[in-house]
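Residues per chain are reported as follows:
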Amino acid sequence: FACMAQPLGRKHLRETGDSMREMVTHTSLRGVAALLVVVFHYRTMFADEVGLDKFTSFFERSYVFVDMFFVLSGFVLSAVYVSKFEAGASRDRFVGFYGKRVARIYPLHIATMLVMIGLYLMKSRGDLWVLAGDVAENLAMVHAWGVSDRYVLNFPSWSISVEWAAYLVFPFLCMFMSRARMRVAMFLIVLGAYLYMAIAWGSLHHDERLGLVRGLPAFMLGVLVYRYRDSFQLRSGSVLSAIQFVAVLLVLVVMHFGLNDVLLIPLFASIIVTTWEDRGLLCRILSGSWFHALGIWSYSVYMLHIPVRSVGFHVYPRVDAYLPEGYERFAFALVLMAITISTSALAYRYFECPARDRTQA
């Protein structure tokens, strides 16, 4: 399929290029999740002016939507590839899969890394060799594999590093998932990982060196949930709506009161597995063209929001006097958010898609 922006609502899975029905709600969920991660990172700019955290813990916990990305990724990739890899391993299948995944994530990852390197050199006029190790880790996409004690450059790309690890193991998960014992073993691994995070960490946002511990179980959960998606096919739209409503309500409660956010993982899985057919109340809400467009641009939104913020920090002293008195940083954060979304729409159409096509050529 051509990767240029298609009319919203066109039924194909643009992410992989494989012909199948697009799960529109899942696309929209990615957009909402990406936007909330942006709010999480931007809220520190106006914490003193608009104290959101005084009234709710929702926004300071919005980092959890990265974990929703991981569950979604496992589910969506399973929808496209599980039948192919269950049929057996072959060189063409592996090369095709990994080629498409690199084409999907690598060009924009490298582009945003180069932007952050340029900003670093402009700001500090420092020696590029100081960043040599970090650049090498980012180029190999292993910077979230425990090799670094902090993330620099475009730091949200730690999740891209985890995604790459998930892609490496995904074909093997598919090949073994047909065996009941392997599914049980996989479930126990996921359960054990989350029990460890709940007890030892108390949240999902803990140690930057342990990105794999956080991300791989969520991805594996998405693969597992996909295996049992048929259990919801016979449910009526009313039943699915009720499950979606309760799950979203509980997500809001857990985040508002700042409860242990490991509790959110089964709720995310419930939302994903009950929306994959685009049926139910939540699906009707998220079927709007703006939600869908935001989902299409979500990878660019996620990868560009820190470079945009970093450029904004350089510009802010020059425009501070022109902003509303008393709410300068809040107004500027809103401007940066608008720039992030509009830039992401352009980046998707004129960089992300053409780069993906050239990489796969």
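Coordinates for the structure precede this section.
Predicted model only: the values in this text are computed from it and were never measured.

(A) Summary view of the layout of surface pockets. In this structure, the largest pocket encloses a volume near 410 Å³. Taken together, 19 residues line the largest pocket, and the ones lying closest to its centre are Leu-29, Val-32, Val-248, Leu-282 and Leu-286. At the level of secondary structure, the elements contributing two or more residues to the lining of the largest pocket comprise helix H1 (24-42), helix H2 (65-86), helix H8 (237-256), helix H9 (264-275) and helix H10 (281-286). Ranked by the residues each element gives to the lining of the largest pocket, the list is headed by H8, at five residues. Grouping the amino acids of the lining of the largest pocket by side-chain chemistry returns 18 nonpolar, one polar and no charged.

(B) Broad picture of unusual backbone geometry. In this model, Leu-153 sits at a positive phi of 60°, which is unusual for a non-glycine residue. Positionally, Leu-153 belongs in the loop between helix H4 (132-140) and helix H5 (158-176). Given a relative accessible area of 10%, Leu-153 falls into the buried group. In this model, Asp-278 sits at a positive phi of 60°, which is unusual for a non-glycine residue.

(C) Local environment of the packing of H2 against helix H3 (residues 91-124). With their axes 11 Å apart at the nearest point, H2 and H3 run at an angle of 165° to one another. Judged by the inter-axis angle, H2 sits roughly antiparallel to H3. At the point where H2 passes H3, the crossing takes the left-handed sense. Along the contact surface, H2 presents Leu-77, Tyr-81, Lys-84 and Phe-85, while H3 presents Arg-93, Phe-94, Phe-97, Lys-100 and Arg-101. A breakdown of the residues in the contact of H2 with H3 according to their chemical character gives five nonpolar, no polar and four charged.

Basis of the calculations
- Residues numbered from 1 in each chain as written.
- Predicted model: local features only at pLDDT ≥ 70, side-chain atom pairs only at ≥ 80, totals over all residues.
- Heavy atoms only, no water.
- 1 Å grid on protein atoms, 1.4 Å probe; cavity = no way out; pocket = protein on both sides within 12 Å on 5 of 7 lines; lining within 4 Å.
- Points joined across faces, edges and corners; volume = space filled by probe spheres on them.
- Helix = DSSP H or I, 4+ residues; strand = E, 2+ residues; numbered from the N terminus.
- Nonpolar A, V, L, I, M, F, W, Y, C, P; charged D, E, K, R; others polar.
- Buried < 20%, exposed > 50% of the residue type's maximum accessible area, 1.4 Å probe, protein only.
- Axes fitted to C-alpha atoms, helices over the stretch in contact; angles between N-to-C directions.
- Parallel < 35°, antiparallel > 145°, perpendicular 65-115°, else oblique.
- Left-handed = near helix turned anticlockwise from the far one by under 90°.
- Contact = heavy atoms within 4.5 Å.

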